[in-house]
Amino acid sequence: MASKLNVLVYSGIGTTIGSVQQALYTLRRLLSPTYSVAPVTADTLTKEPWQSTTALIVFPGGADLGYCRALNGEGNRRITLFVRRGGGYLGFCAGGYYGSSRVEFEVDDPDMAVVGSRELAFFPGTCRGCAFSGFKYGREDGARAAKVKVEKGVWGDNGGDYSGVDGGEFVSYYNGGGVFVDADKFKEKNVEVLARYEQSLAVEGGDAAAVHIRVGEGNVVLTGPHPEFAGVNMDRNAGGEGYPELVDSITRDHDKQVAFLRGCLSKLGLRVSENVYEVPALTPLHLTAIYPEDIGSLVTNLRELVTKDGAGQDVVVGENDTFVLKTPPSSLSLESLSLQSQQAEDSAARGKEVDEVLDYTTVPKTVYTHTTSYPSTSSTPYFNHITYYKALLEYRSQSRSSPSQFGSFILYGEVLTSTSTLLDKNYQLLDRLPNGLTAVATLQVAGRGRGTNAWVSPLGSLVFSTIIRHPMEMCIQAPVVFIQYLTGMAIVEAIRTYGPGYSDIPVKLKWPNDIYAEDPTHIPNATITDPLKKKYVKICGILVTSSYSSAHRHFNLVVGCGINVTNRSPTTSLNHLLERLNASRLARNRNAVQLQSYVHERLFAKILVIWEEYYYRFCQMGFRPFEEQYYRNWMHSGQVVRLEMEGGAKARIKGVTLDHGLLRADEIDREDRPTGNVFTLQSDGNSFDFFNGLLKTKA
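Residues numbered from 1 in each chain as written. Predicted model: local features only at pLDDT ≥ 70, side-chain atom pairs only at ≥ 80, totals over all residues. Heavy atoms only, no water.

Draft legend 1. Focus on the overall build of the chain. For the chain, the count of helices and strands is 16 helices and 32 strands. When contacts within the chain are restricted to residue pairs at least 6 apart in sequence, those whose partners lie at least 24 apart make up 71%. Accessible surface computed for the chain: about 29000 Å², of which carbon and sulfur atoms make up 48%. (Helix = DSSP H or I, 4+ residues; strand = E, 2+ residues; numbered from the N terminus. Contact = heavy atoms within 4.5 Å. Areas by Shrake-Rupley, 256 points an atom, 1.4 Å probe, with all protein chains shown as cover.)

Written as structure tokens, this is what we have:
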């Protein structure tokens, strides 16, 4: 019997991208490494034999009429049999309506009314909504932080972390969900109420907010609200007045929401991780180009590295990773799901100890080579390739430098080990990939950590690494060390020129390779103008690795970047800064236009275009043309520091040298007078404790 390691989240017609993303994020954290949580389309559900390897199917928020159009008939027949034979169904909001026998949605509004029976009919009664008034499709007008009370004793003797909300209350995100009408009257049909709304409702029929139903040998949980929505991943700028407070209240109850979901997943028969698991299973990679036909030429150039594995598949065996090259399926098929299942199974075997670093180098990485079109948003719900490539063309057309290489090829993975490791640890492959090819990830797992140092980049980060071929003969005019400085400058420039009004985003360069921002949680003091006295938090890190190709007489540079775009932890994000800036603009002018949130794909494209412009100008003219701009954006001018490597000598930062990019510091005496001694420090051998004014040798 096949292991049931798949949890499938429907991502087809009717769903919203945000709901799919939230479901994937939360369920992966709760169910990894035991299960592989993956998106799935209607084609797979209706045409492929997914049932034997699947433990749970999840229907997220959206509009359930779309689900009906895609799945009525064969799709729903398969789902029903799957549940009756022991599978699980979890429906959030629209998925809750869809799993009921009848839907009554906004029956008094002729423009929005949806009334009718549903084929699945797991809940034998009606799901009626909206539970609260004000809902509008595609907007947050009717969103609220709904108070929900968990029924006492519903978790039985199972124990676990979810017992903390047994009989207690918590706040959950809500936007358009329903009430399971007269749920208490269906006890004889194996229906139990898990939680109830605690506020006055806009519809009649009781107060059941979440129900559990035993269906044949399987289990179903349906909810009206969205306990899977994590406040940390919500855009505080998405709604109107009061929306940030709504997000804050949801964030405060995060642990209770997680505890409730643990209970629901246990009801569904799943093995829930004792701790929120931070290392999800790897997902397939997608190799694309701005002009898809160029992928064919790229694959041809790799032919001398390609061998056949035991199954007859094209394989590139690198020094660190093995890549399996495949033609992309027409939809999210069992081929990709089975790979993720195997990776989840491998992870479970290797990760039984919580503090054990998972060895992902042994897991083959599937690479889908897209030679005719871009991946669909269903297969890459966190990254829209069309949006990205359109933005890249748009920004290139506005440039006077004709950039044409950075970002023309991208290797995207929703979950991968490390964008840098995939490139810089596979040397033969790196030497044959095109200049400017960029690996980008939604979630990145660092496989190089020691002990417990396995890291997952938080959802909302923009994580990427770009290949730069830097000719040896350029290294006198344009030393490699400056490229990390150029990268930071390009990122700051892209952030501040994202659109009109964004120039006031308070980001600064920290030597040698970080970007910091003024802490938006810190109450600003308008009288403080000295940047050294303001409170800063890190928002971006940059890492450059280098190897030399003697055959081509150039350096293969891999420049890795991680930028907090929408995630508020572990420090802050660009959209958090934007929220503070919008508040400041409104305080000065009630009619001020609100600046829109940063979009990953567009910001990514803008960074790459500006960065390529800077790089080729640097190759022609060196760093001198950038000197003024660099100092205008950095944090250190005039800063007094102690030099640990010089016996604690006191010095004032003056800048970087134009020949080798070294940090220059002039020694000063007790009265802050220059002594005449000058110190120059390499970026790769020293670290800068900016806040304590200490330069020290790296351990």
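Draft legend 2. Main features of the sheet that holds strand S3 (residues 54-59). Ordered in space as S2-S1-S3-S4-S13-S12-S11-S8-S9, the nine strands form an open sheet in which the pairing is mixed. In this open sheet, the two edge strands, each paired with only one partner strand, are strand S2 (36-40) and strand S9 (169-174). Strand-to-strand twist of the sheet, defined as the mean angle between neighbouring strand axes without regard to direction, takes the value 25°. Inspection of the sheet shows strand S1 (residues 6-10) paired to S2 by five bridges, in the parallel sense. When the bridges of S2 are listed, Val 9 appears paired with Pro 39. Sheet contacts for helix H7 (residues 254-267): S3, strand S4 (88-92), strand S8 (144-150), S9, strand S11 (191-197), strand S12 (208-215) and strand S13 (218-223); angle to S9, the most-contacted strand, approximately 85°. (Pairing = 2+ DSSP bridges. Axes fitted to C-alpha atoms, helices over the stretch in contact; angles between N-to-C directions.)

Draft legend 3. Structural context of the packing of aromatic side chains. A full pass over the atoms with the stated rule returns 46 aromatic pairs. The interplanar angle of 25° and the centroid separation of 5.0 Å between the aromatic rings of Tyr 388 and Phe 604 together place this pair among those described as stacked. One end of the pair, Tyr 388, is in helix H10 (residues 385-397); the other, Phe 604, is in helix H15 (residues 600-621), with 216 residues separating them in the sequence. The class of Phe 604 is buried, set by a relative accessible area of 0%. By the ring-pair criterion, three or more aromatic residues cluster together here, those being Phe 482, Tyr 485, Tyr 614, Phe 618, Phe 623, Phe 626, Tyr 630, Tyr 631 and Trp 634. (Phe/Tyr/Trp six-rings, centres within 6.5 Å; stacked < 30°, edge-to-face > 60°. Buried < 20%, exposed > 50% of the residue type's maximum accessible area, 1.4 Å probe, protein only.)

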